[in-house]
Amino acid sequence: MTSLSLPHFLPHRLRLNHRRSQCRCCLSSTTNESSTAVVWFKQDLRVDDHPGLIAASKHREVIPLYVLDRRILSRYTTETLELAIIALEELRSSLKKQGSDLMLRYGNAENVIEDLVKEVQEPFVFAEEEVEHHLCEVLEDVKKKIDGDSFPGESPRVVLWRTPFYETQSLSDLPHSWEEFKKLKLPVTVPVPAPRLRSPESELQWGSVPTLDDLKDYMKESLCEKEKSWREIAHASAERILMKRNLKGNNMEPNVDGFLGKKVQNSAFITTNRDTIGGGTEAVLNGLAGYLRYLEGTSRDDWQEVHARLRDAEIRPGASFFKLFGPALCLGIVSRRRVHSEAIEYEKERNAGFISPFGYSASTVSAAADAVCSMEWYSLMALNKEMTDDKRIWRWKGHLIQYTVVGNEGPAVLLVHGFGAFLEHYRDNVDNIVNSKNRVWTITVLGFGKSEKPNIIYTELLWSELLRDFMIEVVGEPAHCVGNSIGGYFVSLMAFLWPDLVKSVVLVNSAGNVIPGYSPLPKSIERRVPFGAPLGARLLILFLRFNVKKLLKDCYPVKPERADEFLITEMLRASQDPGVVMVLESIFGFDLSLPLNYLLKGFEEKTLVIQGMKDPISDPRKKVALLKEFCPGMVIKQVNAGHCPHDEIPEEVNYIICEWIANVNNDEQEALKSLIAADLPQ
């Protein structure tokens, strides 16, 4: 498969960068400019700053294509679908201005593209390189499908491209640390304008853009009843469920900003919820211009509305940018480097062409530039196979999440790490559990390891919703959920809020208390950064960087050698990632007030507790005593280990977990047999 990237835009020459072979060659050596090119749009819904379109424009004719593939669209929320439909309308309009059109066809991408390639008898398909696993699989299906076709002269091929943010020739040569990467001071590449295109002279069926209702009906056609019910679960947010159970008070004061709810001409907020900026590239860039100029004030209604939404979304410094522009960036309505270019140009405009080495003069410029640079870093890590090995990428709410899956048969098992850790913390558990005929998923949750660390407020509810969506979109069936430390609390929350997703719970030195006679009281659902948290987080980072080795070994009192260089190095690397300060701020705002005995009430007989009795972080004897007294249905295994028994004594913990899973599954099978026997005629 050919891979095309543009490290630097040159008007008459395009340079290629193949991720695996690192070869460089001219475009003319890999494409036939006398042929027709198909440009397959996915999450790159723009003509501005589109390297694939520029490369394809060198061909005699260009067919822009968007495939309405359920496998891709199923990952979109209703609001994202709405944004995508509007963006497709605008993309078609923009392509017509450039001399072309947009073809829309329904079905699996590999079948649609094969049929189109055969129809026009031309071999080149340009597609953006992807990092999300399900999109990579679709790309691979397309490649395999057309590899079997042939045309006179040359074989069909998929030409992959990406929009390079930095001037770099090789992903494998990049440092693994954000701090080291910044020291390279790589220039940001220049965005490129839309090319002129030549549309095919032959008659083709271009199709029409569907309505939102039509698209919803199309998506439902292939869903079974189980999938429909699981999607309904995804619509039930943690806060909504807690409010329904009177555990969270709906005491948010109405926003009094006059522009929220007011109808504005040429509004950038075009979806039903009107809380994110959308439309075509031109509309999004207009919204960005208004966002950047927040400090100036304006008489324009559309920009005043942007300013009002900015104030409403600024739950912490800079958080408003991704809230307002994240969906448009994820759909590729604008490119990251276009946003960066617009932000820097405005900064120069404010400062007579000067960029200060001490920071940006406007907080909105800083928010925009920092967000796209951070997004690019995590994208580069995901693209760099030397850094990700056999890991997969899942996108959640626009953010890249790393995970793995191993095994081909047996019950599903999900392993969730603790605070500051990552999926590799289960390095010596996965294979053993798989060998006992289970399928195992591990995940690095948002804010840790090599998963993205966006500028948001992190809460225990946010992480529980992430696990819920991972279960629905990736695992696809109920699982035995294992959690260490704070990961155990996240798993307990998921079992409490969405019990249909959880077969059983395994708590390994879990966070959370046991409170006898607990009676919950409604609390505020609004979360803000606690006063002093930003300073506390920065001081905590410094403390951890200087003391991580000692702190980690303290958690492994029985086998301190297991707190090895791999764990220490990766924790230090992750502590330098962009956004890590926001993650550590969450320590000062966690709400773990719902105790384990309350969360797992009714789930006790499906709960296993593995407690390291030399845990330096909590009082294990007191916790075990309370669990035995107030959660008598739970199975409790006491082991000679510290805070991370699964990694300190993996052989013993693996045996306990595998035995537990087998027993739970046997109990389920016996219960099922009893139900069947009861239904049979006597």
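For the structure itself, look to the data block above.
Bear in mind that the values here come from a model prediction, so they are computed numbers and not experimental data.

Turning to the pattern of salt bridges, a few remarks are in order. Enumeration according to the criterion identifies 38 salt bridges in this entry. Arg71 is the partner of Asp141 in a salt bridge, and the nearest nitrogen-oxygen pair spans 3.4 Å. Linking Asp141 in helix α5 (residues 133-147) with Arg71 in helix α2 (residues 70-73), this pair joins segments that are 70 residues apart in sequence. Taking relative accessible area as the criterion, Arg71 reaches 27% and is therefore assigned partly exposed. Taken together, the shared-partner salt bridges connect Arg427, Asp428, Arg562, Asp564 and Asp647 into one network.

Another aspect to go through is the nonpolar core. In terms of nonpolar packing, the biggest core is built from 81 residues, with Phe41, Tyr66, Phe126, Tyr291 and Phe321 touching the most fellow members. Ranked by residue count, the leading element in this core is helix α14 (residues 363-383), at 13 residues. By size, the runner-up hydrophobic cluster in this structure holds 62 residues, among which are Trp396, Leu497, Leu501 and Val624.

Running from N to C, helix α17 (residues 460-475) and helix α18 (residues 486-497) point in directions that differ by 70 degrees, and their axes come no closer than 9 Å. Taken together, the axes of α17 and α18 lie roughly perpendicular to each other. Regarding α17 and α18, the two cross each other, and that crossing is right-handed. For the pair formed by α17 and α18, the contact residues are Glu460, Leu461, Trp463, Ser464, Leu467, Arg468 and Met471 on the first element and Tyr489, Phe490, Val491, Leu493, Met494 and Leu497 on the second. Partitioning the contact of α17 with α18 into residue classes produces 10 nonpolar, one polar and two charged.

What follows deals with the environment of Val514. By the secondary structure assignment, Val514 is in the loop between β13 (502-508) and β14 (523-524). When the C-alpha positions of Val514 and Leu599 are compared, they lie 10.0 Å apart, and in sequence the two are 85 residues distant. Discounting chain neighbours no more than four positions away, the residues touching Val514 are Pro595, Asn597, Leu626, Leu627 and Phe630.

The next thing to look at is empty space enclosed by the protein. Taken as a whole, this structure holds four cavities of 30 Å³ or more when the rule is applied. When its volume is computed, the largest cavity comes out at roughly 490 Å³. Along the walls of the largest cavity sit 26 residues, with Glu128, Glu129, Arg336, Ser379 and Arg395 positioned nearest its centre. Among the secondary structure elements, those contributing two or more residues to the lining of the largest cavity are α12 (320-330), α13 (336-350) and α14. Per-element tally for the lining of the largest cavity: the top contributor is α14, with five residues. Across the lining of the largest cavity, the residue classes tally to nine nonpolar, six polar and 11 charged.

Quick look at the side chain of His50 now. Among the secondary structure elements, His50 is positioned in the loop between β2 (36-41) and α1 (51-56). Sequence-distant contacts of His50, that is, excluding residues within four places in its chain, are made with Val39, Phe41, Asp44, Trp161 and Val192.

Taken in spatial order, the eight strands of this open sheet run β8-β9-β11-β10-β12-β13-β15-β16, and their pairing is mixed. If you trace the sheet from one side to the other, it starts and ends with β8 (392-396) and β16 (635-639), each paired once. Here the average twist between neighbouring strands, direction ignored, is 20 degrees. Judged from the five bridges that link them, strand β10 (residues 412-416) and strand β11 (residues 439-444) form a sheet pairing that is parallel. Paired with Leu415 across the strands is Thr442, a residue of β11. Against the sheet, α17 contacts β8, β9 (399-406), β10, β11 and β12 (479-484), and its axis sits at roughly 120 degrees relative to β8.

Criteria and thresholds
Residues numbered from 1 in each chain as written. Predicted model: local features only at pLDDT ≥ 70, side-chain atom pairs only at ≥ 80, totals over all residues. Heavy atoms only, no water. Salt bridge = Lys/Arg side-chain N within 4 Å of Asp/Glu carboxyl O. Helix = DSSP H or I, 4+ residues; strand = E, 2+ residues; numbered from the N terminus. Buried < 20%, exposed > 50% of the residue type's maximum accessible area, 1.4 Å probe, protein only. Core = buried A, V, L, I, M, F, W, Y, C linked by side-chain atoms within 4.5 Å. Axes fitted to C-alpha atoms, helices over the stretch in contact; angles between N-to-C directions. Parallel < 35°, antiparallel > 145°, perpendicular 65-115°, else oblique. Left-handed = near helix turned anticlockwise from the far one by under 90°. Contact = heavy atoms within 4.5 Å. Nonpolar A, V, L, I, M, F, W, Y, C, P; charged D, E, K, R; others polar. 1 Å grid on protein atoms, 1.4 Å probe; cavity = no way out; pocket = protein on both sides within 12 Å on 5 of 7 lines; lining within 4 Å. Points joined across faces, edges and corners; volume = space filled by probe spheres on them. Pairing = 2+ DSSP bridges.

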